[in-house]
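Spelled out from the first residue to the last, the chains are:
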Amino acid sequence: MSKIAIVPAPSRVVPGNGAFVLTPETVLVAVGPAAEVAAMFAEQIAPATGFTLPVVAVPQDGRPVIAFVLDEAAAGLGAEGYGLTVTPSHVTARAAQSAGLFYAAQSLRQLLPPEVFRSTPVEGIAWTMPAVEIEDVPRFRWRGAMLDVCRHFMPKAFVLRYIDLLALHKLNVFHWHLTDDQGWRIEIKKYPRLTEVGAWRKETLVGRMQRDAEMTFDGVPHGGFYTQDEIREVVAYAQARHVTVVPEIEMPGHAQAAIAAYPELGNLTEPVDVRTCWGISENVFNVEESTIAFLQDVLDEVLELFPSEFIHVGGDEAPKKQWRESPAAQARMQALGLHDEEELQSYFIRRMDAYLTAKGRRLLGWDEILEGGLAENATVMSWRGVRGGVAAVSAGHDVVMAPNSHTYFDYYQSADRDSEPLAIGGFLPLEGAYAFDPVCEGIDAEHAHHVLGGQGQIWTEYIATPEHVEYMAFPRLCALAEAVWTPAEGRDYADFLARLAVHLRRLDGLNVHYHPLE
Ligand code: ACM
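Residues numbered from 1 in each chain as written. Predicted model: local features only at pLDDT ≥ 70, side-chain atom pairs only at ≥ 80, totals over all residues. Heavy atoms only, no water.

Q: It is not clear to me how the nonpolar core should be interpreted in this structure. Could you clarify?
A: What tends to happen in soluble globular proteins is that the nonpolar side chains get buried as a cluster. Ranked by size, the top nonpolar core spans 167 residues in total, and within it Phe-68, Tyr-162 and Trp-176 carry the most contacts. When residues in this core are grouped by element, the largest group, 9 residues, is from helix 3 (residues 156-168). With residues near it in sequence (within four places) discarded, Phe-68 still touches Leu-28, Val-29, Ala-30, Ala-34, Val-37, Ala-38, Phe-41, Ala-93, Leu-101, Ala-105 and Leu-108. Within the second largest apolar cluster, 5 residues are counted, among which are Val-27, Val-56, Val-65 and Ala-67. (Core = buried A, V, L, I, M, F, W, Y, C linked by side-chain atoms within 4.5 Å. Buried < 20%, exposed > 50% of the residue type's maximum accessible area, 1.4 Å probe, protein only. Helix = DSSP H or I, 4+ residues; strand = E, 2+ residues; numbered from the N terminus. Contact = heavy atoms within 4.5 Å.)

Below, the structure is given as structure tokens:
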């Protein structure tokens, strides 16, 4: 019989006696929105088991039942919590809302033998679930993963697969980094050159970016973008898995691809190319009214596509050199009565904050948006460690923790770098990812509610393929999932490793190209 090895660990697990045996006779009992969750569960376990389990409204003469119940009585478990009872005679999943029931289904999949995750029929397996009583509530509401599709474009099929993998780990935010210096990846109808020009670079740097070193390029054009129809498909797919897609449109920095498409958005007289190497570009948007209007037009189309409450506007790594040297930027600063370029950036972000707030959305930005003064309604994503997050929380703002110390999965994961593919640098082993606590030192109990949660990042300068994304993401994303789901007192690295040994067989079933344990 399979051990109970759910990742992320549930809040409360009480093992029982015996097991429920899933057979072709089993029926899934559910009505209304619960039936959708049951149908997806049936669909997910069908390939490996070969069973086509019917979803029915009422139990059928003596056939064993897995019941999916939406029940107001479970409201105490919150919007995403659930209860699960497995006995030898029946299984009941209950939750107050669909999201909770969906997470119950993810746990049910993990109670079955790991072979259930395979995509072809597996013979000779007893499809048992150990008897157990589970009550499970997530610790944080923001349980995210960021994927950079700009440095290397990732096909839509992989984006969908990645969302499936997030959902399996009870992660609920897919932060889609859609624009950067090296590529603009979202179709904007009003400004077609953003993708006609901005989605393509003529070549890519070979090897690691090193300051002042001679650069070699591969001579191979690279690019791609998502049409608005494709984006709608991704958003709907995610929604069905209770994942919110948070788009990121970078400003005022990381803007070179957009400026290559529309030079009037920049600060220079000569045109620029879509960037072909990594590092921080000096090409940032100018702060003219026309540029602010352009970006607000872009945001209008973004808001149409993404129902997410939060819209990420980047804000990180915007060098001020061009603003310092531009007579127009200096005149603008003077006219606005601003003291320095940091305040000019702050002004820029405040304009976006006001715009998004008026549309009923919330602005999110990397922690540089604190510099020059934080916009009134802004939420901060803390990446340069936790300092920015602590400062924002103390000022009464919400934060999402994404510190590079614990959540940058583009860092090396093995101390033996030579055994690893080229990475951006850093060192973040699995244990380090597991040690992540979004409510870090410096945030007291009184302010802890401002910490919405945390997320893991995959920046793709040195990650060119979906397989390589998986190699960097897993199993560190499993550790992250536990950091943002499991109650702090329920976390234990040794116990996680024991469960992970089983969990990796699930990932094997799904053909996830994870980094092997060391
Ligand atoms: C970042 O890593 N520049 C957010």
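Q: Looking at this structure, I do not really get the packing of aromatic side chains. What am I missing?
A: A complete count under the given rule lists 21 aromatic pairs for this structure. Lys-170 extends its terminal NZ or CZ atom over the ring of Trp-485, reaching a point 5.7 Å from the ring centre. For the cation-ring pair, Arg-491 lies above Tyr-434, with the distance from its terminal atom to the ring centre recorded as 4.8 Å. (Phe/Tyr/Trp six-rings, centres within 6.5 Å; stacked < 30°, edge-to-face > 60°. Lys NZ or Arg CZ within 6 Å of the ring centre and 35° of its normal.)

Q: How should the sheet that holds strand 7 (residues 128-136) be read in this particular structure?
A: Backbone-to-backbone hydrogen bonds join strands into a sheet, with any given pair of strands oriented parallel or antiparallel. Spatially, 7 strands are ordered 1-7-5-6-4-2-3 in an open sheet, and the strand pairing comes out mixed. Only two strands of the sheet have a single neighbouring strand rather than two, namely strand 1 (12-21) and strand 3 (55-56). Of the strands in this sheet, strand 2 (27-29), strand 3, strand 4 (65-70) and strand 7 touch helix 1 (residues 33-49), which is tilted by about 140° from strand 4. On top of the sheet, helix 2 (residues 98-111) reaches strand 4, strand 5 (82-86), strand 6 (90-95) and strand 7; it is set at about 35° to strand 5, its chief contact. (Pairing = 2+ DSSP bridges. Axes fitted to C-alpha atoms, helices over the stretch in contact; angles between N-to-C directions.)

Q: I keep staring at the pattern of salt bridges and nothing clicks. Help me out?
A: The tally for this structure, following the rule as stated, stands at 27 salt bridges. The closest approach of N and O atoms between Arg-351 and Glu-289, which form a salt bridge, is 2.8 Å. Residue Arg-351 is found in helix 10 (residues 341-358), and its partner Glu-289 is found in helix 7 (residues 289-305); the two are separated by 62 residues along the sequence. Under the relative-accessibility criterion, Arg-351 is labelled partly exposed at 24%. In this structure, Glu-482 and Arg-499 form a salt bridge, with 2.7 Å as the shortest nitrogen-oxygen distance. Highlighted residues: Glu-482 in helix 15 (residues 476-485) and Arg-499 in helix 16 (residues 493-509), separated in sequence by 17 residues. Taking the relative accessible area as the measure of exposure, Glu-482 reaches 0% and is therefore buried. One network of salt bridges, with partners in common, ties together Arg-141, Glu-309, Arg-362 and Asp-398. (Salt bridge = Lys/Arg side-chain N within 4 Å of Asp/Glu carboxyl O.)

Q: I'm lost on the pairing of strand 17 (residues 379-382) in this one. Help?
A: In the case of a regular strand, side chains alternate between the two sheet surfaces. Every second residue of strand 17 is oriented toward a common face, with Thr-379 and Met-381 on one face and Val-380 and Ser-382 on the other, all of them buried. Pairing geometry for strand 16 (residues 362-366) and strand 17, over 3 bridges, is parallel. Looking across to strand 17, one finds that Trp-366 is bridged to Met-381. Relative to strand 18 (residues 399-401), strand 17 is paired through 3 bridges, and the arrangement is parallel.

Q: Quick question: what am I supposed to make of helix 15 here?
A: The periodicity of an α-helix, 3.6 residues per turn, causes residues three or four places apart in sequence to face the same way. For helix 15, the tally of buried residues reaches 10 of 10 residues, placing the bulk of the element in the interior. The complete set of buried residues in helix 15 reads Arg-476, Leu-477, Cys-478, Ala-479, Leu-480, Ala-481, Glu-482, Ala-483, Val-484 and Trp-485.

Q: So what exactly am I meant to see when it comes to the pairing of strand 9 (residues 173-177) here?
A: Buried residues dominate strand 9, accounting for 5 of its 5 residues. Every second residue of strand 9 is oriented toward a common face, with Val-173, His-175 and His-177 on one face and Phe-174 and Trp-176 on the other, all of them buried. Strand direction decides the pairing type here: strand 8 (residues 142-148) and strand 9, joined by 5 bridges, are parallel. Bridging across to strand 9, Asp-148 finds its partner in His-177. After leaving strand 8, the chain enters helix 3 and then returns to the sheet as strand 9, a path that is right-handed. Relative to strand 14 (residues 244-251), strand 9 is paired through 5 bridges, and the arrangement is parallel. When the bridges of strand 14 are listed, Val-173 appears paired with Thr-244. (Right-handed = clockwise from strand over helix to strand, strands pointing away.)

Q: Please explain empty space enclosed by the protein as it appears in this structure.
A: Think of a ball as big as a water molecule: rolled over the atoms, this probe shows where empty space is left. Across all of its chains, the model carries 1 cavity of 30 Å³ or more by this definition. Taken as a whole, the largest cavity encloses approximately 30 Å³ of empty space. Every residue along the wall of the largest cavity is listed here: Asp-410, Ala-423, Ile-424, Trp-459, Tyr-462, Ile-463 and Met-472. (1 Å grid on protein atoms, 1.4 Å probe; cavity = no way out; pocket = protein on both sides within 12 Å on 5 of 7 lines; lining within 4 Å. Points joined across faces, edges and corners; volume = space filled by probe spheres on them.)

Q: Sorry, what's going on with the sheet that holds strand 8 here?
A: In spatial order, the strands read 8-9-14-15-16-17-18-19; together these 8 strands close into a barrel with parallel pairing. Mean inter-strand twist for the sheet, computed between neighbouring axes without regard to direction, equals 30°. Helix-sheet contacts for helix 3 involve strand 8, strand 9 and strand 19 (451-458), and the interaxial angle to strand 9 is about 150°.

Q: In this structure, what is going on with helix 9 (residues 327-336)? I would like to understand it.
A: Inspection of helix 9 places Ala-329, Arg-332 and Met-333 among the buried residues, and these make up the whole buried set. Around the axis of helix 9, the buried residues are gathered within 100° of arc, so they sit on the same side. Across from the buried face of helix 9, at angles greater than 90 degrees, the exposed residues are Pro-327, Gln-334 and Ala-335. Summarising the contacts, the buried residues of helix 9 are in contact with helix 7, helix 8 (321-325) and helix 10. Once helix 9 ends, the next one or two residues include Gly-337, with phi positive near 70°. (Arc of directions from axis to C-beta.)

Q: Any chance you could explain the packing of helix 3 against helix 14 (residues 466-473) here in plain terms?
A: To characterise two packed helices, one gives the angle between the axes of the helices and the distance between these axes. Relative orientation of the contacting elements helix 3 and helix 14 amounts to 20°, with a least axis distance of 11 Å. Taken together, helix 3 and helix 14 sit at an angle that is classed as roughly parallel. At the point where helix 3 passes helix 14, the crossing takes the right-handed sense. Residues Phe-158, Arg-161, Tyr-162 and Leu-165 of helix 3 pack against Pro-466, Val-469, Glu-470 and Ala-473 of helix 14. Of the residues assigned to the contact of helix 3 with helix 14, the class counts are 6 nonpolar, no polar and 2 charged. (Parallel < 35°, antiparallel > 145°, perpendicular 65-115°, else oblique. Left-handed = near helix turned anticlockwise from the far one by under 90°. Nonpolar A, V, L, I, M, F, W, Y, C, P; charged D, E, K, R; others polar.)

Q: Where do I start with the layout of surface pockets in this structure?
A: Put simply, the largest pocket is a space of about 390 Å³. Where the lining of the largest pocket is concerned, the elements lending two or more residues are helix 1 and helix 3.

Q: Would you explain the side chain of Arg-275 in this entry?
A: By secondary structure assignment, the location of Arg-275 is in the loop between helix 6 (256-261) and helix 7. Of the side chains bearing the opposite charge, Asp-181 lies closest to the buried Arg-275, which forms no salt bridge; the N-O distance is 4.7 Å. Excluding residues within four positions of it along the chain, Arg-275 makes contact with Asp-181, Gln-182, Arg-201, Met-209, Gln-256, Ile-280 and Ser-281. (Lys, Arg positive; Asp, Glu negative; His and termini not counted.)

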